[in-house]
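Breakdown of the fold
Listed below, chain by chain, are the residues.
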Amino acid sequence: MSVRVRFAPSPTGFLHIGGLRTALYNYLFARHHGGTFVLRIEDTDQSRYVEDAEADIIRSLEWAGMTIDEGPNAPGDVGPYRQSERKAMYHEYAKQLIESGNAYYAFDTTEEIDEMRERLKASGNPSPKYDSITRQSMKNSLTLPQDEVERRLEAGEEYVVRLKVPRRETVKFEDLIRGIVSFDTAGLDDQVLLKSDGMPTYHLANVVDDHTMNITHVIRGEEWLSSAPKHILLYQAFGWEAPTMAHLPLIMSPSGGKLSKRKAESEGIPVNTKDYISGNYEPEALINFLAYLGWSPGDDSEIHDMKELCELFTLDRVSKGGAVFNHKKLMWYNEHYIREASIEDLQPRVKALAEAAGYDTKDDAYLNTVLGLLHERVSKVDEFVEMGSFFFEAPKEYDEKALKKWKDDSPGMVKAYQEKVSALAEEEFKAANLKAALEAVVAEQEVGFGKVMMPVRIATTGQGFGPDLFPALELLGKDEVLARIETALERLA
Ligand code: GLU
């Protein structure tokens, strides 16, 4: 039997980074086994539906390099792939459960259910449920005469369909990550399967779809573990074999606890995949990083691209414990993939970013030299523009921190350097000569190297740090360097 997995997000907002990891583990598992990766949109909760969410999910997966084999954008044989388009199917299956005695119609109003709860609470039951005991005194097709049930249904009265959860049974299943998991049904409500608006609940739709879409493995976040026994009960009620389950460890915040949206924001961690896209992260870096967020190949290797990850990934190496989201580590990966990328690959991206920031990037040869000078220094592609802005435009402002290093004697040092380099002919305006000129000033003034170098850097680049200064000055050219020095002396003297 060939492996079929699904990523089944609810389109309630932008794709969360935890959701992207779930998708990734499904994708890696599918590819490792030569199986199929299905995208299913679980849009049965109309109150939480967000219009653009599906497009955001698909865009995010594509950006990350995951090809969807079947989904709303790539229809296969078991569609439709949006639950809202499968409504009729859920009704049929709910009816099947009613006919086999595993589910029933319930007509109770919210008030009646509240009343039941209050009554039970008052008699000492701290967590009253609609269950095997209480259902006997409620208004449902198990207690009402058959003809009354039919009359109510025909009259179009509101109803829900509930699962007849067996009393005091232990539901057991083997989770590929967590081992044997067992739950007592005594803790379960008679789950609503069809809501009064005619929509299925998550539980019914999820089970019907996993079955009818021939899903072999359900790989999802730990927060769904408590739903698993309800699903197992449903599979039993239908007489279907349940898919194999694997519940992934939580993603934790560096300060402890689950990485919630609020926590992530306060710790400077982008929470939605779209923020990584607009934040110019390398998709390979994010993927490599996320793969290791709860999994490792069992040796000390850390760098693997998608293809290698597909080969290496197995569920038995996924950890049970929560995985801490370390943003520094992500930046380490990002820097790695930037270094790996060639100047040719980076160039069009930097060009687009620089132009979007309003800079004139001159010609390609110029831009390539800029990239070469900065390649070893940046950890994110937008830093080429940030750090390299002075290559495109004379500094408008001088960096405040850098100015702390602009001392009383700095103008004199810069002037001395200005004299030396203005004596160089155009064709002599080369890194080696520019360096020799600075060394000459250092010797004449009997000061440390930094005493001259730092003010020259500030004057010509506006910054206190940056790429190798002399090749940078060579690239800027004699006229430009001298003009910048002139301006700086006027403004900073
Ligand atoms: N729709 C659920 C979600 O938003 C799917 C959970 C599952 O994979 O069963 O994550």
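Presented here is a report on the structure given in the accompanying data block. Note that the coordinates shown come from a computational prediction; the quantities given were computed from them, not determined experimentally. (Residues numbered from 1 in each chain as written. Predicted model: local features only at pLDDT ≥ 70, side-chain atom pairs only at ≥ 80, totals over all residues. Heavy atoms only, no water.)

1. Focus: the packing of helix α17 (residues 410–422) against helix α21 (residues 478–492)
- Close contact between α17 and α21 brings their axes to 11 Å; oriented N to C, the two are set at 155°. As judged from the angle between their axes, α17 and α21 are roughly antiparallel. Seen along the crossing, α17 lies across α21 with a hand that is left-handed. Residues Pro 411, Val 414, Lys 415, Tyr 417, Gln 418, Val 421 and Ser 422 of α17 form the contact with α21, whose own contacting residues are Lys 478, Leu 482, Ile 485, Glu 486 and Leu 489.
- Split by residue class, the contact of α17 with α21 holds 7 nonpolar, 2 polar and 3 charged. (Axes fitted to C-alpha atoms, helices over the stretch in contact; angles between N-to-C directions. Helix = DSSP H or I, 4+ residues; strand = E, 2+ residues; numbered from the N terminus. Parallel < 35°, antiparallel > 145°, perpendicular 65-115°, else oblique. Left-handed = near helix turned anticlockwise from the far one by under 90°. Contact = heavy atoms within 4.5 Å. Nonpolar A, V, L, I, M, F, W, Y, C, P; charged D, E, K, R; others polar.)

2. Quick notes on the nonpolar core
- Counting 55 residues, the largest nonpolar core has Phe 384, Phe 391 and Tyr 417 as its most contacted members.
- For this core, the elements supplying multiple residues, two or more each, are α13 (343–356), α14 (364–374), α15 (382–392), α17, α18 (431–445), α19 (449–461), α20 (469–476) and α21.
- Filtering out sequence-adjacent residues up to four positions away, Tyr 417 remains in contact with Leu 434, Ala 437, Leu 438, Val 441, Val 456, Phe 470, Leu 473 and Ile 485.
- Core analysis: the second largest hydrophobic core is formed by 54 residues, Phe 37, Ala 291, Tyr 292 and Tyr 333 among them. (Core = buried A, V, L, I, M, F, W, Y, C linked by side-chain atoms within 4.5 Å. Buried < 20%, exposed > 50% of the residue type's maximum accessible area, 1.4 Å probe, protein only.)

3. Focus: the pairing of strand β8 (residues 217–221)
- Most of β8 is tucked away: 5 of the 5 residues are buried.
- Relative to strand β9 (residues 244–248), β8 runs parallel, the two sharing 5 bridges. Within the sheet, the bridge partner assigned to Gly 221 lies in β9 and is Leu 248.
- Handedness of the crossover joining β8 and β9 through helix α7 (residues 228–238) is recorded here as right-handed. (Pairing = 2+ DSSP bridges. Right-handed = clockwise from strand over helix to strand, strands pointing away.)

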